[in-house]
Amino acid sequence: MNNKKLNILLVEDSWGDYRLVSDMLNECMQEGFELLHADQLAAAIPFLEPGEVDVILLDLELPDVGGLDTLVKMHALAPDIPIVVLSQIEDESLAVRAVRIGAQDFLVKSHISGPLLTRSLRYALERRRLEEHLYRLAHHDVLTGLPNRKLFYDRFGRALAQARRYQKPLALMLLDLNGFKGINDNFGHHVGDELLKQVAERLSSVLRATDCVARLGGDEFIVCTGELADIQSTAHVAQKMLDVLDVPLVIGSTTFNVSASVGIALYPEDGENMEVLVRNADAAMYQAKRQDGAGSRFSFYSRQLDAANQQRRELHELLRKAFDEGCFVVNYQPQVDLHSGRTIGVEALLRWHDDSGAAVMGPDQFIPAMEESGLILEVGEWVLQTACQQAAKWMREAERPLKVAVNLSVRQFRDPHLAARVSRALETFGLPGKWLELEFTEEALQDDEQLAQETLQQLNRLGVRLALDNYLGRFLSLRDLKRFPIHSIKLDRTIIRGMTESPEDAAIAQAVISVAHVFKMKGVAEGVETRDQADLLRQQACDDAQGYMFAKPLSAAALTELLRVGEEAPHKIQ
Ligand code: C2E
Ligand code: MG
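To keep things clear, this report deals only with the structure shown in the data block. As the structure is a computational prediction, the values presented were derived from the model and not from experiment.

Moving on, we get to the overall build of the chain. On a plain count of helices and strands, the chain comes out with 21 helices and 21 strands. Taken over the C-alpha trace, the chain has a radius of gyration of 36 Å; the compact-globule value for 574 residues is 25 Å, which it surpasses by more than 25%. Taken over the C-alpha atoms alone, the chain extends approximately 120 × 45 × 45 Å along its principal axes. Counting all 574 residues of the chain, 49% fall into the buried class. A total accessible area of about 28,000 Å² is found for the chain, and carbon and sulfur atoms account for 51% of it. Seen as two clouds, the 62 positive and the 84 negative side-chain charges of the chain have centres 5 Å apart.

Printed below as a string of structure tokens:
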């Protein structure tokens, strides 16, 4: 027991028994205590405010109630306070029933002694502490100490019932950290754990006692705001949570910038029950994640959102099914050396075909959906394997080997197993690294530069070539490019499209190509459709080009045939 004075409430109508208990405690209780006294059940009520009483000694026969009923009523009045029963009569079955109802112990007055009484009180308190500890373990998240999903749902259920009864609004918010997985994968779980603890503390610090915040698992938190659930004040709370997480977190000697997205659903307009509200807050959170960068990082649920989300979920399922059923194929588009006119490589491009061979949807639409659902990792691995297999085939069977370029989306680029996957694919098909090129965008390099550098170095060690795709200078300036060990820069096709009409675009193309050369990289033009564009690019010393003017993306068989014919009559491919 700790140093705090123990408050013992004796509910007992006999003055003699009161004296007896008081004397015994004075004699045997080593720790400081105060004996409070009520001579009937009703008189005990004022003592039962939270934190007032530590343990109750309860006589079963009182002027206003008697027998086990006394215990039942007292337990209902003070469910959290341990109760030791004092009984006039020795009755084993009564004792068993009393304990079942919730008494911690059952003492017979005629057998009581000082040591027995004090030991019983001590045990009752210890047992209650243990029960509380077990309850905490079962209802709280061990890592952060916040309520867990179960406790949150209990509390939220109660808040919802109250809101229903008193016709009050209620707000439910889901908060998800951005980029947490990357930190966890790259810095280890202990750093991830510490980060979650700090996030939990920060969130608790900006919420009120009437709000409830819980960790749902992973890096997802859920918040229910008890009062003031109108749109403005809910938005205010969401913003406060986002702001407090915007302040960098320091773990050891490393500073982490975490940010979060929040989705909000309001009772009753966005849902009448818990399940619907949670689902809608989740949909709103995805919306917030998608619009990040375009303004606010929290989003209120709306019905249009629901329809859009439904469609998104359906597309995710459809893509999964199509992939499992083998509806995807890889096409290849030639890349040409602008000066010799020779095809030096191809870019692997994913296609989704229906049974008749027609395109179901373009990659610009389905790749972002795969990225969102995570399917891109599996599909990307398949593209990589297919492309390496094809490159190895060309290497062995064709006149000249062809370098094959494979696109990596942001999620693939940040996959900690990327280098291992690439290395495995090369080994499986016996392809030397120099015949594989990997394309990734500025976005992939932008967020965590250190991580991007490490990834590029690992890939470089495998001997593969690295190309920065769709370069527009949106996130990385020309000067930034120096810091990354890459081999070529692919100029975005919007620059190429404009360059014959717009002097600005022509100047941009020229600048990118010149800077690429300074850094010993190749300049590659994408989307070359006309001879004028090709001529201008040649004048600008652009190295390679790709576009409909040379060839559209083709199946491996069609491309092999085209190249065979091209070898015989090279002008055809140029
Ligand atoms: P990207 O990497 O910029 O690929 C080049 C895109 O330009 C291809 O579009 C290609 O068909 C198109 N294109 C080529 N020449 C011309 C031209 O002369 N004019 C015009 N207007 N367009 C041309 P596609 O195949 O629709 O792919 C779109 C994007 O989808 C790709 O852009 C790439 O980012 C992504 N993607 C395609 N396949 C994969 C894949 O296997 N994995 C990943 N992660 N992304 C892929
Ligand atoms: Mg590309």
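With that settled, the discussion passes to the packing of helix H11 (residues 303-324) against helix H13 (residues 375-397). Between H11 and H13, whose axes approach to 11 Å, the crossing angle comes to 25°. Comparing the axis directions of H11 and H13 gives the class roughly parallel. Regarding H11 and H13, the two cross each other, and that crossing is left-handed. On the side of H11, the interface is formed by Leu319, Arg320 and Phe323, while H13 contributes Leu375, Glu378, Val379 and Trp382.

It is worth spelling out the coordination of the magnesium ion (ligand 2) at this point. For the magnesium ion (ligand 2), the full set of protein donor atoms is Glu347 (OE), Asn407 (OD1), Glu439 (OE) and Asp469 (OD), and the range of their distances to it is 2.0 to 2.3 Å. As a motif over one chain, the donors of the magnesium ion (ligand 2) read E-x59-N-x31-E-x29-D. In this pair, Glu347 sits in strand E14 (residues 343-353) while Asn407 sits in strand E16 (residues 403-407), placing the two residues 60 residues apart along the sequence.

On to the packing of aromatic side chains. A complete count under the given rule lists twelve aromatic pairs for this structure. Over the ring of Tyr548 we find Lys552; its NZ or CZ atom is 4.5 Å from the centre of that ring.

On to the site of ligand 1, then. Taken together, 24 residues are adjacent to ligand 1, and Arg351, Asp469, Arg493, Glu529 and Tyr548 come closest. For ligand 1, a nitrogen atom lies 2.5 Å from a polar atom in the side chain of Glu529. Here ligand 1 loses 87% of its free accessible area of 800 Å² to cover by the protein chains. Counting residues per element, the ones that place at least two in the shell around ligand 1 are E14, helix H12 (363-373) and strand E18 (465-471). Of all the elements, E14 adds the most residues to the shell around ligand 1, at four residues. Among the residues forming the shell around ligand 1, the class breakdown is nine nonpolar, seven polar and eight charged.

Evaluated as defined, the whole model comprises 32 salt bridges. For Lys289, the salt bridge identified is with Asp176, shortest N-O distance 2.9 Å. Within this pair, whereas Lys289 is found in helix H10 (residues 274-291), its partner Asp176 is found in strand E6 (residues 170-178), the two being separated by 113 residues in sequence. Since its relative accessible area comes to 27%, Lys289 is described here as partly exposed. The exposure class of Asp176 is buried, given its relative accessible area of 12%. Between Arg483 and Asp480 there is a salt bridge whose closest N-O contact spans 3.3 Å. Look at Arg483 and you get partly exposed, because its relative accessible area is 37%. Connected through shared salt-bridge partners, Glu12, Asp17, Asp59 and Lys109 make up one network.

A word on the nonpolar core. Ranked by size, the top nonpolar core spans 79 residues in total, and within it Leu436 and Leu438 carry the most contacts. With ten residues, the single largest contributor to this core is H13. Residues contacting Leu438, with those up to four places away along its chain left out, are Leu384, Val406, Leu408, Val422, Leu459, Val464, Arg465, Leu466 and Ala467. Counting 34 residues, the second-largest nonpolar core is a separate cluster that includes Leu146, Val213, Val237 and Val262.

Let us look at empty space enclosed by the protein. Taken as a whole, this structure holds three cavities of 30 Å³ or more when the rule is applied. By volume, the largest cavity is sized at about 80 Å³. Lining of the largest cavity is provided by Leu377, Gly380, Glu381, Leu384, Leu408, Gln412, Asp415, Leu418 and Arg421. Per element, the largest residue contribution to the lining of the largest cavity is four residues, and it comes from H13. Each residue belonging to the lining of the largest cavity can be placed in one class, and the counts come to four nonpolar, two polar and three charged.

Here the focus is the sheet that holds strand E4 (residues 83-87). For sheets, the rule is that strands pair by backbone hydrogen bonds, running either parallel or antiparallel. Ordered by their spatial adjacency, five strands build an open sheet running E2-E1-E3-E4-E5, and the pairing between neighbours is parallel. On the outer flanks of this sheet lie strand E2 (33-38) and strand E5 (105-108), each paired with one strand and no other. Geometrically, the sheet is characterised by an average inter-axis angle of 20° between neighbouring strands, direction not taken into account. Sheet topology note: the E4/E5 ladder contains four bridges and is parallel.

Here the focus is the environment of Lys5. Summarising the element assignment, Lys5 is placed in the segment before strand E1 (6-11). The partly exposed category is assigned to Lys5, whose relative accessible area is 44%. C-alpha of Lys5 to C-alpha of Asp54: the two residues are 49 residues apart in sequence and 9.4 Å apart in space. The residues touching Lys5, leaving out its near neighbours within four places in the chain, are Gly32, Phe33, Glu34 and Asp54. Engagement of the side chain of Lys5 in a polar contact is seen with the side chain of Glu34, the distance being 3.1 Å.

All right, on to a nonpolar patch on the surface then. Taken together, the side chains of Leu130, Leu134, Leu137 and Val142 define a hydrophobic patch exposed on the protein surface, amounting to about 420 Å² of accessible area. Within the secondary structure layout, Leu137 lies in helix H5 (residues 114-139).

Conventions we followed
Residues numbered from 1 in each chain as written. Chains lettered and ligands numbered in written order. Predicted model: local features only at pLDDT ≥ 70, side-chain atom pairs only at ≥ 80, totals over all residues. Heavy atoms only, no water. Helix = DSSP H or I, 4+ residues; strand = E, 2+ residues; numbered from the N terminus. Rg over C-alpha atoms; globule rule 2.2 N^0.38 Å. Buried < 20%, exposed > 50% of the residue type's maximum accessible area, 1.4 Å probe, protein only. Areas by Shrake-Rupley, 256 points an atom, 1.4 Å probe, with all protein chains shown as cover. Lys, Arg positive; Asp, Glu negative; His and termini not counted. Charge placed at Lys NZ, Arg CZ, Asp CG, Glu CD. Axes fitted to C-alpha atoms, helices over the stretch in contact; angles between N-to-C directions. Parallel < 35°, antiparallel > 145°, perpendicular 65-115°, else oblique. Left-handed = near helix turned anticlockwise from the far one by under 90°. Contact = heavy atoms within 4.5 Å. Donors = N, O, S within 2.8 Å, 3.2 Å for Na, K, Ca; no water. Phe/Tyr/Trp six-rings, centres within 6.5 Å; stacked < 30°, edge-to-face > 60°. Lys NZ or Arg CZ within 6 Å of the ring centre and 35° of its normal. Near = heavy atom within 4 Å. Polar contact = N/O pair within 3.5 Å; in protein donor to acceptor, adjacent residues only side chain to side chain. Nonpolar A, V, L, I, M, F, W, Y, C, P; charged D, E, K, R; others polar. Salt bridge = Lys/Arg side-chain N within 4 Å of Asp/Glu carboxyl O. Core = buried A, V, L, I, M, F, W, Y, C linked by side-chain atoms within 4.5 Å. 1 Å grid on protein atoms, 1.4 Å probe; cavity = no way out; pocket = protein on both sides within 12 Å on 5 of 7 lines; lining within 4 Å. Points joined across faces, edges and corners; volume = space filled by probe spheres on them. Pairing = 2+ DSSP bridges. Patch = residues over 30% accessible without salt bridge, like charges linked within 9 Å, V, L, I, M, F, W, Y side chains within 5 Å.

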